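# Topology and contacts: notes
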Amino acid sequence: MRFACILLLPKDEVLQLSLAEACLRFSPEISLGSRTIILEIGKCRTLYSEELFIKRVQVLLKRFGLSAKVWIASDIPSSVAGAMYGRALPAFLPIEALYCYFSPFTFDLSLEPMVRALRKLGVETLAEFIQLPHHSIAKKFGKDGLLALHRYLHAHQVVWNRFQVSEKIIEQFNVESHEALYDYDSISFFLKRILDRVVMRTCGLGQLISKMRLKFYLDTYSSYQETEREWLLEFSFPHRSVRAFLDMIRDRVGADLQKKSLSAPVLRIELEVLEMVKGNPSQFQFFSQQEEQQENMNLLIERITNKLGKENVFYAVPFESYIPERSWKKAMLPVKAKELRLRSRPLRLFSKPELLRQLDQYLILREYRWKILQLVGPERITGEWWLDDHARDYFEVHTDQEILWVYRKPLTQELFLHGVFD
Amino acid sequence: MKPVLSLDEIRVLLRKPDPKEYLPCSEVSSGIPLGSITEVTGTGKTEFLTHLLRENTDHRALWVEEYFSVFPPALFQRGVSPEQILFVTAKKEMEWVILNALRSQAFSMVIFDREECDSIFLRRVQLATEKAQAATIWVSSQPQNFWTSSLQLQVKRDGSKLQVETLRKRAV
């Protein structure tokens, strides 16, 4: 077994939990100490080497803005002692390292009088301590002394205290008093840090974010009525990159702040994950760009949808109807087209057919005039009899300029321009 | 058991594909240039685009219009796959949509239908197109006199056939 100890300098309980969740990407076996995160990484040897693990942890620490010492050893107390004192051999470990062996998770200081006494006696290292006759340890220091010795000699028998992930993923950032954040650009600088942590935590859990809430807590001067602003951000496609979230938040929040600016500076930024979906948050395939392209496309669709509305971004899907304007539907996902055994259809169709006037050989629509050269048709299209205009006789009208798609209502003989063979 | 690749096979996989310069198009012998704007005008312009899409089925296209006027069943009838095109009705946000689509590099063809374009807008689109190495196709009814289009085509119908005339071609 191999244990890695991440010793945080200085202690930060909130970030320690966040970092532990992010570390779930390395191993599911995680335990938390008072200022340590301990991972069992021995079973993951085929996934990464110990050197690579240390480098990846350093990257994580940098992204969380934390500093820590990392040490890997074959038992938990040795990894903690190694992280604390930067060495592993008992001959070089100071007698204070006995705390790490006595209670590796909590650093129980009940041994302090004993350690002080040992120092006075000239016992300076752990190696010297274990060379002491055991009966003299029992005589001088009682059960605590024996227990400390036992725990040192049987360091691999520590009870594993498994880390439980928090129910909610919330990340906050408290703005320093001298920084007045009013506009999105300055806020986004801090938002990126929070997002980074949120994404790392969700990645550690093997999840992708599909919904989150962003909240700005504003300065509470008596003259300001608004004390907070919040946005509910829902994503049609779950994303894994911070850049994607930042782009989407900028589109939404940035635009809102342009319309209605903040009345007071932001004191705290809070980001809460409300919904996640199971996903593969690992890196993209190395030999293929397909995944990356698909993710870029999902992001683009999402952003356009947020900006223009769902009805304005779509794939066209064939739909069974004889009425031309109802023969297709908008869809979020594409489908394969069936073979259409119909007469040729125009490539441009007017959303509302325009009433035409016919004057001898000319068709007239407002200021436009076409000279009819040839008529192809009619093609009778009927079907939905319960509608007023259920029967239409369509003609391909070859004119001096272009080919028009015109229909005549059999009852009224009115002519309508419905499309153009462009 | 995972298949083991030889060093040469890995080299082949890692090799960057040669950048393509043109999209093949049977109507235009030199093809449609990638990384620049092509202007398509005339009475058979949409028909021409269906040919281009049909001949490049492995390229995804974004079709942007201010107000939607394309009749998708007609595209399918001419052999264009529904999976190939994502449509956007951009209204006043056409520039934003086109630029973001190009920046995302998710599409190798961006088709936009707009009658009046100013040179600043076209310059921005041209720069984004160059960076994305995509084929941006500007569809309008009349040919316009802007230097940003590297290829200007006029498409006329001749019965059931298309007559494609190259009005202007700039060396890329």
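In this text, all values refer to a predicted model and were calculated from it rather than measured experimentally.

Take unusual backbone geometry next. Here the residue pair Leu9 of chain A and Pro10 of chain A is connected by a cis peptide bond, since its omega of -5° sits within 30 degrees of zero. Inspection of the secondary structure assignment puts Pro10 of chain A in the loop between strand S1 (3-9) and helix H1 (13-22). Positive phi, normally seen in glycine, also occurs at Lys91 of chain B, with a value near 50°. Looking at the element boundaries, Lys91 of chain B is found in the loop between strand S5 (85-89) and helix H4 (94-104).

Now for the environment of Met114 of chain A. All names here are of chain A. Note that Met114 resides in helix H5 (residues 112-120). Spatially, the C-alpha atom of Met114 lies 9.8 Å from that of Gly142, the residues being 28 residues apart in sequence. In contact with Met114, other than residues within four places in its own chain, are Phe141, Asp144 and Gly145.

Read across the sheet, nine strands follow the order S10(A)-S9(A)-S5(B)-S4(B)-S6(B)-S7(B)-S3(B)-S8(B)-S9(B) without closing on themselves; strand pairing throughout is mixed. Of all strands in the sheet, those bounded by a partner on one side alone are strand S10 (328-331) of chain A together with strand S9 (161-169) of chain B. The sheet shows a mean angle of 25° between the axes of neighbouring strands, taken without regard to direction. Note that strand S4 (residues 61-65) of chain B and strand S6 (residues 109-113) of chain B share five bridges and pair parallel. The residue of S6 of chain B that forms the bridge with Glu65 of chain B is Asp113 of chain B.

Here the focus is the nonpolar core. Residues Leu98 of chain A together with Val64, Val110 and Ile111 of chain B are the most contacted members of the largest nonpolar core, which totals 142 residues. Each residue touching Ile111 of chain B, except ones within four places of it in the same chain, is listed here: Leu49, Ala61, Trp63, Val64, Ile137 and Val139 of chain B.

A word on the pairing of S5 of chain B. With five of five residues buried, S5 of chain B lies mostly within the body of the structure. Every second residue of S5 of chain B is oriented toward a common face, with Ile85, Phe87 and Thr89 of chain B on one face and Leu86 and Val88 of chain B on the other, all of them buried. Direction of pairing for strand S9 (residues 313-318) of chain A relative to S5 of chain B: antiparallel, over a ladder of two bridges. Bridge pairing in S5 of chain B places Phe314 of chain A opposite Phe87 of chain B. In this structure, S4 of chain B lies alongside S5 of chain B, joined through five bridges in parallel fashion. For Glu65 of chain B, the partnering residue across the bridge sits in S5 of chain B and is Thr89 of chain B. For the handedness criterion, the β-α-β arrangement of S4 of chain B, helix H3 (residues 72-77) of chain B and S5 of chain B is classed as right-handed.

Our next topic: the pairing of strand S6 (residues 207-218) of chain A. All names here are of chain A. As judged from the eleven bridges shared by S6 and strand S8 (residues 266-278), these two strands associate in the antiparallel manner. The partner of Lys215 across the bridge, within S8, is Glu270. Bridge analysis of S6 against strand S7 (residues 228-239) gives eight bridges, and the strand direction is antiparallel. Bridge assignment links Tyr217 to a residue of S7, and that residue is Glu228.

Calculation criteria
Residues numbered from 1 in each chain as written. Chains lettered and ligands numbered in written order. Predicted model: local features only at pLDDT ≥ 70, side-chain atom pairs only at ≥ 80, totals over all residues. Helix = DSSP H or I, 4+ residues; strand = E, 2+ residues; numbered from the N terminus. Contact = placed C-beta atoms within 7 Å. Pairing = 2+ DSSP bridges. Axes fitted to C-alpha atoms, helices over the stretch in contact; angles between N-to-C directions. Core = buried A, V, L, I, M, F, W, Y, C linked by C-beta atoms within 7 Å. Buried ≥ 20, exposed ≤ 12 C-beta atoms within 10 Å, placed from the backbone. Right-handed = clockwise from strand over helix to strand, strands pointing away.

Read these as spatial facts, not as claims about activity.
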